[in-house]
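# Descriptive analysis of the structure
Each chain, written out:
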Amino acid sequence: MSRKPIQTDPSKGDRIAKVLARAGVASRREAERMIEEGRVAVNGAVLTSPALNVQASDKIEVDGKPIAEAEPPRMWLYHKPLGLVTTHKDEQGRKTIFDELPEDLPRVMTVGRLDLNSEGLLLLTNDGGVKRKLELPATGWVRKYRVRVNGRPTEDTFAPLRRGIEVDGEKFAPMVISLDRQQGANAWVTVSLKEGKNREIRRAMGAVGLTVNRLLRVSYGPFELGSLKSGEVEEIRARVVRDHVGLEGARPPQDRKKPARSRRANGPDKGKPTARQDGKPFQGKRTGPQSGKPQQKPGHKPGAKPGAKNGPHSGKPGRSGKPTHKTR
């Protein structure tokens with residue numbers, strides 16, 4: 001193929017990296033790296049720079065193969081288990097979330113990350129533009145975590161974190177922290193922040209003399225983990241994606257059947273039925289390990305009052321926007 005410069009009208013079309021991301025080839029950053037490696041061609045000419053606008057009439061190839069037509073933007077909720085890294089390939093050979101995701105998912109990217117020893121809600125999308133938009137601090141979406149720390153903190157312990165703290169030369173924005181309860185040698189706290197930096201909560205807690213021994217993300221903006229089991233994936237309804245992310249092209253998949261039934265949360269988030277703030281159901285399709293199998297709630301006693309407070313997440317609301325059914 002030719003490496004001659006490609007003449008295009010910069011006022012028309014979209015940047016090539018954005019188009020590749022929308023087609024599900026890679027994120028924008030990954031697409032730019034692929035271009036620099038000479039793997040992308042437009043109209044038979046190999047690109048040398050990502051500074052190029054393309055239109056629908058242009059023929060785009062990656063590794064010699066035409067890219068697929070861009071799918072409508074879609075999003076999923078995923079309950080990341082412990083012990084998996086959030087990357088496509090790991091240099092140390094550790095298992096990644098992409099090794100464990102259901103095979104029937106299309107190529108997806110994660111919105112942000114959770115480290116090896118963290119668990120909970122990860123948003124997945126097939127659209128690189130969605131990923132980029134939701135990761136920007138300007139989006140202003142709050143990430144909420146349930147955190148178990150070793151120690152006996154008081155409200156005063158968290159005062160530096162509420163004001164904003166500097167750790168190893170890196171400044172962390174003020175956090176919203178509530179001390180929920182002491183449980184033996186450990187305490188449960190809820191932490192909310194708008195910009196999650198690398199191991200921010202662990203490092204911040206360490207700076208005030210506490211060690212994090214469990215970290216579970218329970219919400220990302222308007223989307224909540226609720227009762228989604230570890231390893232399960234659930235697609236977010238297209239209407240909800242449009243409402244919260246502002247995507248005009250989003251539409252439901254053709255194979256969606258009936259909405260899920262109502263259920264209560266189980267495990268760390270045991271408590272009230274999930275519900276959207278606007279009172280409308282938030283419905284989606286769930287897949288994952290043993291998805292759809294009913295299970296008695298651990299510690300359930302006949303005659304016990306539903307929603308009784310008996311766990312570290314007792315009384316906490318479930319995932320925003322959807323009543324769900326018990327699984328596993």
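Numbering of residues begins from 1 in every chain and follows the order in which that chain's sequence is written. It should be noted that, the model being predicted, local features are given only for residues of pLDDT at least 70 and side-chain atom pairs only at 80 or more, the latter also being counted only at that level, while totals for whole chains, interfaces and linings use all residues. To get the side-chain values, take all heavy atoms of the structure and skip hydrogens and water.

## Remarks on the pattern of salt bridges
As a reminder of what qualifies: Salt bridges are identified by distance alone: a Lys or Arg side-chain nitrogen within 4 Å of an Asp or Glu carboxyl oxygen. In this text, helices come from DSSP runs of H or I with a minimum length of four residues, and strands from runs of E with a minimum of two, each type numbered from the N-terminal end. For the exposure calls, accessible area comes from a 1.4 Å probe over protein chains only, and a residue counts as buried if that area is under 20% of its type's maximum, exposed if over 50%, partly exposed in between.
Under the criterion given, the structure shown has 16 salt bridges. Ionic pairing is found between Glu30 and Arg107, a salt bridge with its closest N-O pair at 3.7 Å. Here Arg107 lies in the loop between α3 (97–100) and β8 (109–111) and Glu30 lies in helix α2 (residues 28–36), a separation of 77 residues in the sequence. Of the residues examined, Arg107 reaches a relative accessible area of 34% and is grouped as partly exposed.

## Looking at the nonpolar core
Our working rule: Here, nonpolar core refers to any group of buried Ala, Val, Leu, Ile, Met, Phe, Trp, Tyr and Cys residues whose side-chain atoms link them within 4.5 Å.
Core analysis: the biggest nonpolar cluster contains 31 residues, and Tyr78, Val147, Ile177, Val191, Ile201 and Met205 have the highest contact counts within it. For this core, the secondary-structure elements that each account for two or more residues are β7 (75–80), β9 (119–125), β10 (143–150), β11 (165–167), β14 (186–193), α6 (200–207) and β15 (211–220). In terms of residue count, the dominant contributor to this core is β14 (four residues). Counting 18 residues, the second largest nonpolar core, distinct from the first, contains Leu77, Leu216, Phe223 and Val240.

## Some thoughts on the pairing of β9
Just so we agree on the cut-off: By definition, two strands form a pair when at least two bridges between them are found by DSSP.
Of all seven residues in β9, seven are buried; the element is thus mostly enclosed. The sheet contact formed by β7 and β9 spans six bridges and is antiparallel. Within the sheet, the bridge partner assigned to Tyr78 lies in β9 and is Leu122. Where β8 lies against β9, three bridges are found, and the strand directions are antiparallel.

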